[in-house]
Amino acid sequence: MTKFLLLLTLIFLSSGFFTNAYEPSPLQDFCVADTSMAARVNGLTCKNPTMVLADDFHFSGLHIAGNTSNAVGSRVTPVTVAQLPGLNTLGISIVRVDYAPWGINPPHTHPRATEILTVLEGSLLVGFVTSNPENRLITKVLHKGDVFVFPVGLVHFQRNVGKWNAIAIAALSSQNPGVITIANTVFGSNPVIDSDILAKAFQVEKSTVEQLQSKF
Ligand SMILES: *[C@@H]1O[C@H](CO)[C@@H](O)[C@H](O)[C@H]1NC(C)=O
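Residues numbered from 1 in each chain as written. Predicted model: local features only at pLDDT ≥ 70, side-chain atom pairs only at ≥ 80, totals over all residues. Heavy atoms only, no water.

The pairing of strands in a sheet happens through backbone hydrogen bonds and is either parallel or antiparallel. Taking strand neighbours across the sheet as the criterion, the five strands line up as 8-7-10-5-12 in an open arrangement whose pairing is antiparallel. Of all strands in the sheet, those with a lone pairing partner are strand 8 (137-142) and strand 12 (180-181), marking the two edges. (Pairing = 2+ DSSP bridges. Helix = DSSP H or I, 4+ residues; strand = E, 2+ residues; numbered from the N terminus.)

Moving on, we come to a nonpolar patch on the surface. Together, I116, V147 and V149 make up a nonpolar patch on the protein surface, roughly 240 Å² of accessible area in all. The residue I116 is located in strand 6 (residues 115-121) in this model. You can call I116 partly exposed: its relative accessible area is 44%. (Patch = residues over 30% accessible without salt bridge, like charges linked within 9 Å, V, L, I, M, F, W, Y side chains within 5 Å. Areas by Shrake-Rupley, 256 points an atom, 1.4 Å probe, with all protein chains shown as cover. Salt bridge = Lys/Arg side-chain N within 4 Å of Asp/Glu carboxyl O. Buried < 20%, exposed > 50% of the residue type's maximum accessible area, 1.4 Å probe, protein only.)

In the numbering used here, UniProt assigns the feature "binding site: oxalate" (unreviewed entry) to N105, H110 and E115. The residues touching N105, leaving out its near neighbours within four places in the chain, are S74, V76, V97, Y99, F157 and Q158. Secondary-structure assignment places H110 in the loop between strand 5 (104-109) and strand 6. H110 has contacts with E115, V152, G153, H156, L172, P177, G178 and V179, leaving out every residue within four places of it along the chain. (UniProt positions renumbered as here; feature names shortened; annotations may be inferred. Contact = heavy atoms within 4.5 Å.)

This part takes up the pattern of salt bridges. As enumerated under the stated definition, the model contains four salt bridges in all. When the shortest N-O distance is used, the salt bridge between D56 and K47 registers 2.8 Å. The class of K47 is partly exposed, set by a relative accessible area of 22%. Residue K144 pairs with E121 through a salt bridge whose shortest N-O separation is 3.4 Å. Here K144 is found in the loop between strand 8 and strand 9 (147-150), whereas its partner E121 is found in strand 6, with 23 residues between them in sequence.

For the rest of this paragraph, the subject is the environment of T35. In this fold, T35 is placed in the loop between helix 1 (2-20) and strand 1 (40-41). On the basis of relative accessibility, which here comes to 60%, the residue T35 falls in the exposed class. Here the alpha-carbon distance between T35 and P85, two residues 50 residues apart in the chain, equals 8.0 Å.

Let us now look at unusual backbone geometry. Most peptide bonds adopt trans geometry, and most residues besides glycine take a negative phi value. Following N132, the chain continues to P133 via a peptide bond in cis, the omega torsion being 0 degrees. Position of P133 relative to the elements: it lies in the loop between strand 7 (124-129) and strand 8. For the bond from N190 to P191, the omega torsion is -5 degrees, close enough to zero to count as cis. When you line up the elements, P191 lands in the loop between helix 2 (182-187) and helix 3 (195-202). The backbone of T89 sits at a positive phi, close to 70 degrees, despite the residue not being glycine. Structurally, the position occupied by T89 is in the loop between strand 3 (74-79) and strand 4 (93-99). For T89, a relative accessible area of 19% gives the class buried. At W102, a position not held by glycine, the phi torsion is positive, near 65 degrees.

Structure below.
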């Protein structure tokens, strides 16, 4: 009997552990973010539910193309809890990505979300790399209507391989997925990571590192 209880407790604890690794399940119908509150829980504090309006669950603007006139030739328009307070505690968000011809969405990772991407217009080469030690590149060319998933935490990227603009919509399994762009975090941190460290890490001359650092 005690063994059985112990087992039950273990199962209970381990399931709690695994769910806590992700966003907690909501304990109410919704928890519209009250951004005026300074207090932080694991997420944002809830607005008084009687004061909640339809607009708290609404965002307009994903029909508008993002400006891709930048060094990488792409633009992400996010709709996370920062733009749509009703997403608070719900573990989901959405983005629009625009790509100029041959534009890229550079290698990056979302520390808190799996991403499912669908191509609305154009053709994209997409890929992600598995963790150490295999570091296997899994890549595919997608066309209009194709769907691809980037597993949580893995470094991934997209490139427009068409002559025309491309558009994708991606859903992410967090209200606040976070973005870690590899180049910016490694070469553009504030303050900078010592170039000796990066020269050794990337097995290049310090001058090469300094050149990269000057760009971010
Ligand atoms: C797009 O961004 C570029 C560079 O920042 C800027 O010069 C241009 O005016 C922007 N275009 C539009 C339509 O906002």
